[in-house]
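# Structure assessment
Okay, here's what each chain looks like letter by letter:
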Amino acid sequence: MKTKANPGLIPMRKRWFFALWLTLMVVGHAMAEDRLFSSNTPQLEDGKIVYRQYCASCHGTQGEGMPNWEGQNALGELPAPPHGPEGHTWKHSDAMLYRIIAEGWRDPWNKTDRLTMPAYQEILAPTEIRDVVNYLKSLWTQEQRRHQADESAENPFPIQTEIPPE
Ligand code: HEC
C-alpha cells in the first residue's frame, strides 16, 4: 500500500543505502590499502626478505632491473626488467605473476631456450611467492596497484593446496 501510494520513497531509500555502501567500500578499500602498503606490515617485510635473498641479484636491490633491460643483450636474451613503475610487472594479474615466479619465464623471442627467469616452485613455499608478489606491489604507483587489483579480481592467486608432509 505504502509503496504504491508513494512510489518515489523506495528508490530514494535504496539510493541512500547505495551511497552509504559505496562510502563504506571506498573507505574500507583505502584503509586496507593503507594497512598493506603505508607501513611495514609483517607480510611486506617477509616479502622483502624473500626478494632480497632470491630476486635482487638480477632485478636489483631497489627493483631497478638490469641496465638496458628493454632490448636483447649480446646472447639474444631479454635482461631482468625493473619491478617499479617504469617496468611492466604491474600489468600482470596475481595469477600470472604467481605463475611466472613458480614456473619461470623466458621471452618467446629470446635466441636461447633457457629459462632466463628461474622457476621457484621447488625453492619457495606458495606463501613466500605470494608475499614476494605483495612486496612487488609496494613498488608500484597507487594507480598501477588499482589497475592490477582489477586484473586480479578475475585472475587471482591460485587457491592454496598445500599438502602437509607425511
Ligand atoms: C637469474 C636472474 C633472475 C632472478 C634471480 C630472478 N629473476 Fe625474475 N626475471 C629475470 C629475467 C631475465 C626476466 C625477463 C624474462 C623475459 O621476459 O624474457 C624476469 C622476469 C620476471 C618477471 C616478469 C616481469 C615482467 O614485467 O614481465 C617477474 C614478475 C619476476 N621476474 C619476478 C622475480 C622474482 C619475484 C624473483 C625472486 C623470487 C626473480 N624474478 C628472480 C631474471 C631473474
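Going by the structure above, here's the rest.
Residue indices follow the written sequence of each chain, beginning from 1 at its first position. Local features in this predicted model are restricted to residues whose pLDDT is 70 or higher, and side-chain atom pairs enter the listing and the counts only when it is 80 or higher, whereas totals over whole chains, interfaces and linings include all residues.

Moving on: the overall build of the protein chain. Helix and strand assignments follow DSSP, with helices taken as H or I runs no shorter than four residues and strands as E runs no shorter than two, numbered in order from the N terminus. On a plain count of helices and strands, the protein chain comes out with 7 helices and 0 strands. Ordered by position from N to C terminus, the α and β elements of the protein chain give α-α-α-α-α-α-α. Remark: C-beta atoms are placed from the backbone, and a residue is labelled buried if 20 or more other C-beta atoms sit within 10 Å of its own, exposed if 12 or fewer do, or partly exposed between those counts. For the protein chain, with 166 residues in total, the buried portion stands at 17%. A separation of at least 24 residues holds for 59% of the contacts in the protein chain among residues at least 6 apart in sequence. Placing C-beta atoms from the backbone, we regard two residues as in contact once those atoms come within 7 Å.

Turning to the site of the ligand, a few remarks are in order. Any residue qualifies as near a molecule or strand once its backbone-derived C-beta atom lies within 6 Å of it. Near the ligand lie 24 residues; those nearest to it are Cys55, Cys58, Asp107, Thr116 and Met117. Those elements that provide at least two residues to the shell around the ligand are helix H4 (56-59) and helix H5 (94-103). Lys, Arg, Asp and Glu make up the charged group, whereas Ala, Val, Leu, Ile, Met, Phe, Trp, Tyr, Cys and Pro make up the nonpolar group; the residues left over, Gly among them, are polar. When grouped by side-chain class, the residues that make up the shell around the ligand number 15 nonpolar, 7 polar and 2 charged.

Attention now goes to the packing of helix H3 (residues 42-54) against helix H6 (residues 126-137). Where H3 meets H6, the closest approach of the two axes is 7 Å, and the angle between their N-to-C directions is 100°. As judged from the angle between their axes, H3 and H6 are roughly perpendicular. Residues Gln43, Leu44, Asp46, Gly47, Lys48, Val50 and Tyr51 of H3 pack against Glu128, Asp131, Val132, Asn134 and Tyr135 of H6. Its residues assigned to classes, the contact of H3 with H6 comprises 5 nonpolar, 3 polar and 4 charged. Axes here refer to lines fitted to C-alpha atoms; in helices the fit is confined to the stretch in contact. Angles between the N-to-C directions go from 0 to 180 degrees. Between 65 and 115 degrees an angle is taken as roughly perpendicular, under 35 as roughly parallel, over 145 as roughly antiparallel, and anywhere else as oblique.

Moving on, we get to H6. Helix span, as expected, comes to 1.5 Å for every residue beyond the first. The end-to-end C-alpha distance of H6 is 17 Å, a good match for the 16 Å that 12 residues give at a rise of 1.5 Å each. When we look at burial in H6, the residues that qualify are Ile129, Arg130, Asp131, Val132, Val133, Asn134, Tyr135, Leu136 and Lys137. Taken together, the buried residues of H6 touch H3, H5 and helix H7 (142-154).

H6 packs onto H5 with a crossing angle of 120° between their chain directions and a minimal axis gap of 10 Å. Here H5 lies oblique to H6, going by the angle between them. Here H5 and H6 pass one another in a crossing that is right-handed. Contacts between H5 and H6 involve Asp94, Leu97, Tyr98, Ile101 and Ala102 on the former and, on the latter, Ile129, Val132 and Val133. Across the contact of H5 with H6, the residue classes tally to 7 nonpolar, no polar and 1 charged. A clockwise turn of the near helix away from the far one marks a right-handed crossing, whereas an anticlockwise turn of less than a right angle marks a left-handed crossing.

Backbone geometry at asparagine 68 places phi at a positive 50°, although glycine is not the residue there. Its location among the elements puts asparagine 68 in the loop between H4 and H5. Residue asparagine 68 is classed as exposed on the basis of its C-beta count, with 10 C-beta atoms lying within 10 Å.

Our focus in this paragraph is the environment of proline 158. If you trace the backbone, proline 158 turns up in the segment after H7. For the pair formed by proline 158 and alanine 95, sequence separation is 63 residues and the distance between their alpha carbons is 6.4 Å.

What follows covers the nonpolar core. A general feature of soluble globular proteins is that nonpolar side chains tend to end up buried together. Among the nonpolar cores identified, the biggest contains 14 residues, and Tyr51, Tyr98, Ile101, Ile129, Val132, Val133 and Leu136 are the most heavily contacted of them. With 5 residues, H6 is the largest single contributor of residues to this core. Apart from residues no more than four positions distant in its own chain, isoleucine 101 is found in contact with Tyr120, Ile129 and Val132. We define the nonpolar core as any set of buried residues of the types Ala, Val, Leu, Ile, Met, Phe, Trp, Tyr and Cys, connected via C-beta atoms lying within 7 Å of each other.

A rise of 1.5 Å per residue sets the reference length of H3, with its 13 residues, at 18 Å; its end C-alpha atoms lie 18 Å apart and thus fit the reference within 8%. Turning to H3, its buried residues are Gly47, Val50 and Tyr51. Projected onto a plane normal to the axis of H3, the buried residues spread over an arc of 100° and lie on a single side. Exposed and oriented more than 90 degrees from the buried face of H3 are Pro42 and Glu45. Elements that come into contact with the buried residues of H3 comprise H4 and H6. The arc in question is the one spanned by the directions pointing from the helix axis to the C-beta atoms.

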